[in-house]
Amino acid sequence: MRLILIALLLPVSALASVDDAKSFLEDTYATDRPGASVIIMKDGEILHQAGYGLANVEWGIPITPDTVFRVGSVTKQFTGAAIMLLEQRGLLSVDDPIEKYLPDYPTHGHVITIEMLLNHTSGIKSYTGIDGYMDQAIRTDLTTDELIDVFRNQPMDFAPGDDWRYNNSGYVLLGAIIEAVSGQSYEAFIADNIAVPLDLNDTYYGGPKLIPNRASGYRMGEDGNIENAAFLSMTQPHAAGSLLSTTGDLAIWHKALTGGEFIHDDSYEMMTSVANLNNGETFPYGYGLGIGQMRSRDMISHGGGIHGFTCYSLYLPDEDLYVAVLTNGATGAPGPGTIAKKIAAMTVGDPYPDRVPTELGDADLAGLAGTYVSDEFPPVELSVVEGEIHMSFNGSPADVLLAESRELLFEEDAIDYIEVEWEGPQARRLMFHFEEGAPPEIAERAEE
């Protein structure tokens, strides 16, 4: 009855938009492979919640709204909120230097604050970026102190506050600070102070324990077939990525995060404020939450990726629209960030354009081929293989690009696109539109 009343209160256009999103999801996720759990919530009411595909491929068990997924770096917003809870209780300040709580951690003569850990401006080396670390070492069970020992003596990437670089080590240190201040393990603190008070009954810290309704994680093998995801010890993602949850629990969590009572309004404002660098520039990242735009609307979002699982959640404050997409890998579909943005755009009645590919002539194809260099990312190689445009970053496996025109390239089903600037018969510059509302990242044709 409640859902019927909600439907009666919604405008017909909104219902049609949700129907478009549902049809899109049904077409996107196959029924015989890993898939996704999806929730769409507007004005605090759930418009759509469903599972698509299989939670366990071997047994043919379907995904439902109750299916539990690893959520990877979506964990970071829980960690950021845990720090806010401790600050609200007067037990710490985000302006405190980390040595106040971790006196043995080497700061190399710098002042590193808790806030710098939260917004990835500390300059500390991320342990997941240490060469070769993710191959075997990630499989070992470690205590918090043993995990910190992995990176504590690594050289810093930059002086604190000089730059921004995504950093899992910083969130491990935040977990250690939470443990030091509370006297509890990170797992116990999240359970006692967040999961239990908010009735997040399907939100867990990962590990070997049995978890009801947990999805199996998958990956694509080199032969293109689905296979089980590689093992990692869930002690290692720690406060950077060890939580599991459902779309329903994440919707409850979102309400608590934005409601003003559990996490105070001023605390949430801090969590969603840009990072300030020493040179006066800013970076669009808060405390475990990214700050951006979608279809010219303000957006708060974050993704997660961990062995066998990817996910993405977003919030459009002006529309009061929340969307979460949790997947168990190898879906054969675009990434969850693309899916979440597309269904959010449909729901607000402002869908992304359907790009129609066209065939370029041989001269234009030849003019695109070459190497392009940028200060922001590795060299890009465009090549033409049997009439297709292939794009590879620094020798990585190639993606196929389609052309809407000679001035615009895109990947099938993607939101991102590439503008091409021509100089006579040759393309001189590629402008990558990775982030909506942000200037494009530019790669110039390399000289021969």
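Keep in mind the model is a prediction, meaning the values are calculated, not measured. (Residues numbered from 1 in each chain as written. Predicted model: local features only at pLDDT ≥ 70, side-chain atom pairs only at ≥ 80, totals over all residues. Heavy atoms only, no water.)

Peer 1: Just checking my understanding: could you explain the pattern of salt bridges for this structure?
Peer 2: Oppositely charged side chains are able to pair whenever their charged atoms sit close together. The tally for this structure, following the rule as stated, stands at 15 salt bridges. Its salt-bridge partner being Asp157, residue Lys125 comes within 3.0 Å of it at the nearest N-O pair. Pair noted here: Lys125 is in the loop between α4 (114-118) and α5 (144-151) and Asp157 is in the loop between α5 and α6 (168-182), with a separation of 32 residues, a long-range link. Owing to a relative accessible area of 26%, Asp157 belongs among the partly exposed residues under this scheme. Put simply, Asp157 and Arg165 hold a salt bridge, and the shortest N to O gap is 3.6 Å. Residue Arg165 is classed as partly exposed on the basis of its relative accessible area of 41%. (Salt bridge = Lys/Arg side-chain N within 4 Å of Asp/Glu carboxyl O. Helix = DSSP H or I, 4+ residues; strand = E, 2+ residues; numbered from the N terminus. Buried < 20%, exposed > 50% of the residue type's maximum accessible area, 1.4 Å probe, protein only.)

Peer 1: Got a minute to help me understand the sheet that holds strand β16 (residues 370-373) in this structure?
Peer 2: To summarise the sheet geometry, strands pair through backbone hydrogen bonds and adopt either a parallel or an antiparallel arrangement. With antiparallel pairing, the eight strands of this closed barrel are ordered in space as β16-β17-β18-β19-β20-β21-β22-β23. Strand after strand, the sheet turns through a mean of 30° between neighbouring axes, direction not considered. Bridging between β16 and strand β17 (residues 380-385) involves three bridges; their strand directions are antiparallel. Along β17, the bridge assignment pairs Tyr372 with Val380. (Pairing = 2+ DSSP bridges. Axes fitted to C-alpha atoms, helices over the stretch in contact; angles between N-to-C directions.)

Peer 1: Mind showing me how you'd approach the side chain of Asp249 here?
Peer 2: Of note, Asp249 is situated in helix α9 (residues 247-258). Although Asp249 lies buried, it forms no salt bridge, and the closest oppositely charged side chain, Lys255, sits 12 Å away as judged by the N-O distance. In this structure the side chain of Asp249 is engaged in a polar contact, spanning 3.4 Å, whose partner is the backbone nitrogen of Asn201. Discounting chain neighbours no more than four positions away, the residues touching Asp249 are Asp199, Leu200, Asn201, Asp202 and Thr203. (Lys, Arg positive; Asp, Glu negative; His and termini not counted. Polar contact = N/O pair within 3.5 Å; in protein donor to acceptor, adjacent residues only side chain to side chain. Contact = heavy atoms within 4.5 Å.)

Peer 1: Help me understand the pairing of strand β22 (residues 426-433) in this model?
Peer 2: Along any regular strand the residues' side chains alternate between the sheet's two faces. Here seven bridges tie strand β21 (residues 417-423) to β22, and the two strands are oriented antiparallel to one another. Within β22, the residue paired with Glu419 across the bridge is Met431. Between β21 and β22, which pair antiparallel in sequence order, lie two residues; one of them, Gly424, sits at a positive phi of approximately 65°. Looking at chain direction, β22 and strand β23 (residues 441-445) are connected through four bridges and run antiparallel. Along β23, the bridge assignment pairs Phe432 with Glu441.

Peer 1: For this particular structure, what's the right way to read the sheet that holds strand β12 (residues 290-294)?
Peer 2: Taken in spatial order, the six strands line up as β2-β1-β15-β14-β13-β12 in an open sheet, and their pairing is antiparallel. Of all the strands in the sheet, just β2 (45-52) and β12 have a single pairing partner and so form its edges. Looking at each pair of strands side by side, their axes are set apart by 20° on average, direction ignored. Judged from the seven bridges that link them, strand β1 (residues 36-42) and β2 form a sheet pairing that is antiparallel. Paired with Ile40 across the strands is His48, a residue of β2.

Peer 1: Is there a simple way to explain the confidence of the model for the chain in this structure?
Peer 2: Atomic detail in the predicted coordinates should be set aside for any region of low pLDDT. On average, residues of the chain score 95 in pLDDT, and 96% of them are at 70 or above. Confidence drops under pLDDT 50 across residues 1-13; counting only partners more than four residues distant or on other chains, this segment forms six contacts. (pLDDT = per-residue confidence, 0-100.)

Peer 1: For this particular structure, what's the right way to read the pairing of β16?
Peer 2: Only one face of β16 is buried: it carries Gly370 and Tyr372, and the other face, with Thr371 and Val373, is open. Relative to β23, β16 runs antiparallel, the two sharing two bridges. Across the sheet, Val373 pairs through a bridge with Glu444, a residue of β23.

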